[in-house]
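So the chains spell out like this:
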Amino acid sequence: MSEITPDLVRHLGVLARIQLSDEEVTRLTGELDAIVDNIAKVSQVATPDVPATSHPIPMQNVFRPDEVTETLTTAQALQNAPDADGSRFRVTAILGEEQ
């Protein structure tokens, strides 16, 4: 069992600038005690010969190769636009002012 006491929980509440009632201190004392105990159990299992991982299975890069290809022309890009102004898309103003 860890050494989480009601006084320690009150001190943590002061550091976090959280006002805790006596009921909250009692509840949090038990919850924090359980959390610290579970962390201690995990620490016992972790050994130096087990490498740390971020995923349970190995991951690999799934991106396609970066290859130079043809790009769309301005006319092709604007052909299905609901509204265009020359070489640009025309959209409604969202800021309420013209920029």
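The preceding data block contains the structure.
Throughout this document, residue positions are counted from 1 along each chain, in the order its sequence is written. Reporting of local features is limited, given that this is a predicted model, to residues whose pLDDT is at least 70; pairs of side-chain atoms are given and counted only at 80 or more, and all residues count toward the totals for whole chains, interfaces and linings. Neither water nor hydrogens contribute to the side-chain values; these are computed over all heavy atoms in the structure.

Caption draft 1: Structural view of unusual backbone geometry. One non-glycine residue, Arg17, adopts positive backbone phi at about 60°. As for its position among the elements, Arg17 is in the loop between α1 (6-15) and α2 (22-45). Only protein chains enter the accessibility calculation, which uses a 1.4 Å probe. A residue is then buried if its area is under 20% of the maximum for its type, exposed if over 50%, and partly exposed in between. Note on Arg17: relative accessible area 79%, which makes it exposed. Strands are runs of DSSP state E lasting at least 2 residues, helices are runs of H or I lasting at least 4, and numbering of each runs from the N terminus.

Caption draft 2: Spatial organisation of a nonpolar patch on the surface. In this analysis, a patch consists of residues with relative accessible area above 30% that form no salt bridge, clustered at 9 Å for like charges and at 5 Å for the nonpolar side chains Val, Leu, Ile, Met, Phe, Trp and Tyr. To measure how exposed things are, a 1.4 Å probe is used in the Shrake-Rupley method; for residues, cover is taken only from the protein chains shown. The working definition used for a salt bridge is a side-chain nitrogen of Lys or Arg within 4 Å of a carboxyl oxygen of Asp or Glu. Together, Leu8, Leu12 and Leu15 make up an exposed nonpolar region whose accessible area comes to about 260 Å². Within the fold, Leu8 resides in helix α1. A relative accessible area of 31% means that Leu8 is categorised as partly exposed.

Caption draft 3: Examining α2 more closely. Taking 1.5 Å of rise per residue, the 24 residues of α2 would be expected to cover 34 Å, and the 35 Å separating its terminal C-alpha atoms lies within 8% of that figure. Every residue pair with non-hydrogen atoms within 4.5 Å of one another is taken to be in contact. Tucked into the core, α2 has its buried residues touching α1. For a helix, the expected span equals 1.5 Å multiplied by the number of residues minus one.

Caption draft 4: Expanded view of the environment of Ser43. Structurally, Ser43 can be placed in helix α2. You can call Ser43 partly exposed: its relative accessible area is 46%. C-alpha of Ser43 to C-alpha of Arg27: the two residues are 16 residues apart in sequence and 25 Å apart in space.

Any functional reading would require information that these geometric values do not contain.
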